Amino acid sequence: QGYVPKAISNPEMDSIINGYSTVSDATCYSYMLGGHPMLQINFPTAQASWLYDGLSGLWTPLEYGLEGERHRGEMALPFLNRTLIADYSNGNIYTLNPDVYTDNGTAIAREIISRHVFHANDRVIVDELYVDMETGVGLSTGQGSNPLAVLQISKDNGHTWGAILTATMGAIGKYLTRVVWRRLGLARDWTVKIRVTDPVKVVITFAAMRLRA
């Protein structure tokens, strides 16, 4: 801040990074995205990449594909009002484009995991989980023409996850689609994970559960 250094990590990130066997090979680069100053840090030995949003202060893990590989971005360069990204694995140069929802044709998984919903004295029944998100974002053809949000539920503090449950995000123009799951069962501890791998825009603004004891 100004000329005074300020730590941007938090205790959770400190614990994660300190758990890597090697950090001396880490690389990083920064860029602006929609008014947000972003910092990406790669840990090649750990096969991990993290993105820090300087405006919100949030840390997000980044991966390439669906198999947990570290993100391909190695360095960035601003050029003619664009941000160019170099691929560490093959030397390709890409343009960073927030309106493209794949990594050069490879699927990007967008995933969010909730906080715990816990009832200390008894189990609760979840009748409905509603996610307020931008809908009607389907593509005209191919994968993503009927984009799906995938829900999994953990009832043991996030150690294991249950069956995959899907809900449509709406074909193109279906803006009144509601992303909702019903009759989810009962448990004392609830954690939900929502994941989208279709190449469409994903904007989540709110989520709520309707439950009863």
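Residues numbered from 1 in each chain as written. Predicted model: local features only at pLDDT ≥ 70, side-chain atom pairs only at ≥ 80, totals over all residues. Heavy atoms only, no water.

Novice: Lay out a nonpolar patch on the surface in plain terms, naming residues and giving numbers.
Specialist: A cluster of nonpolar side chains, contributed by L77, F79 and L80, occupies part of the molecular surface with about 320 Å² of accessible area. Within the secondary structure, L77 is located in strand β6 (residues 73-79). Under the relative-accessibility criterion, L77 is labelled partly exposed at 48%. (Patch = residues over 30% accessible without salt bridge, like charges linked within 9 Å, V, L, I, M, F, W, Y side chains within 5 Å. Areas by Shrake-Rupley, 256 points an atom, 1.4 Å probe, with all protein chains shown as cover. Salt bridge = Lys/Arg side-chain N within 4 Å of Asp/Glu carboxyl O. Helix = DSSP H or I, 4+ residues; strand = E, 2+ residues; numbered from the N terminus. Buried < 20%, exposed > 50% of the residue type's maximum accessible area, 1.4 Å probe, protein only.)

Novice: How would you sum up the packing of aromatic side chains? Please name residues and give values.
Specialist: To describe a pair of aromatic rings, one takes the distance between the centres and the angle between the planes. Scanning the entire structure with this criterion turns up 3 aromatic pairs. Relative to F43, the ring of Y20 has its centre 5.0 Å away and its plane inclined at 55 degrees; by these criteria the two rings are tilted. You can see Y20 sitting in the loop between α1 (11-18) and β1 (27-33) and its partner F43 sitting in strand β2 (residues 36-43), a full 23 residues away along the chain. In terms of burial, Y20 and F43 fall into one category: buried. Its end group placed over the ring of Y88, R70 keeps NZ or CZ at 3.9 Å from the ring centre. The ring of W161 is capped by K193, whose NZ or CZ atom sits 4.5 Å from the centre of that ring. (Phe/Tyr/Trp six-rings, centres within 6.5 Å; stacked < 30°, edge-to-face > 60°. Lys NZ or Arg CZ within 6 Å of the ring centre and 35° of its normal.)

Novice: Outline the sheet that holds strand β4 (residues 59-64), supporting the account with residue identities and numerical values.
Specialist: Pairing within the open sheet is antiparallel, and its 5 strands lie in the order β1-β2-β3-β4-β5. Since the sheet does not close on itself, it has two edges, and those belong to β1 and β5 (69-70), each with one partner. The pairing of β4 with β5 spans 2 bridges and is antiparallel. Looking across to β5, one finds that E63 is bridged to R70. (Pairing = 2+ DSSP bridges.)

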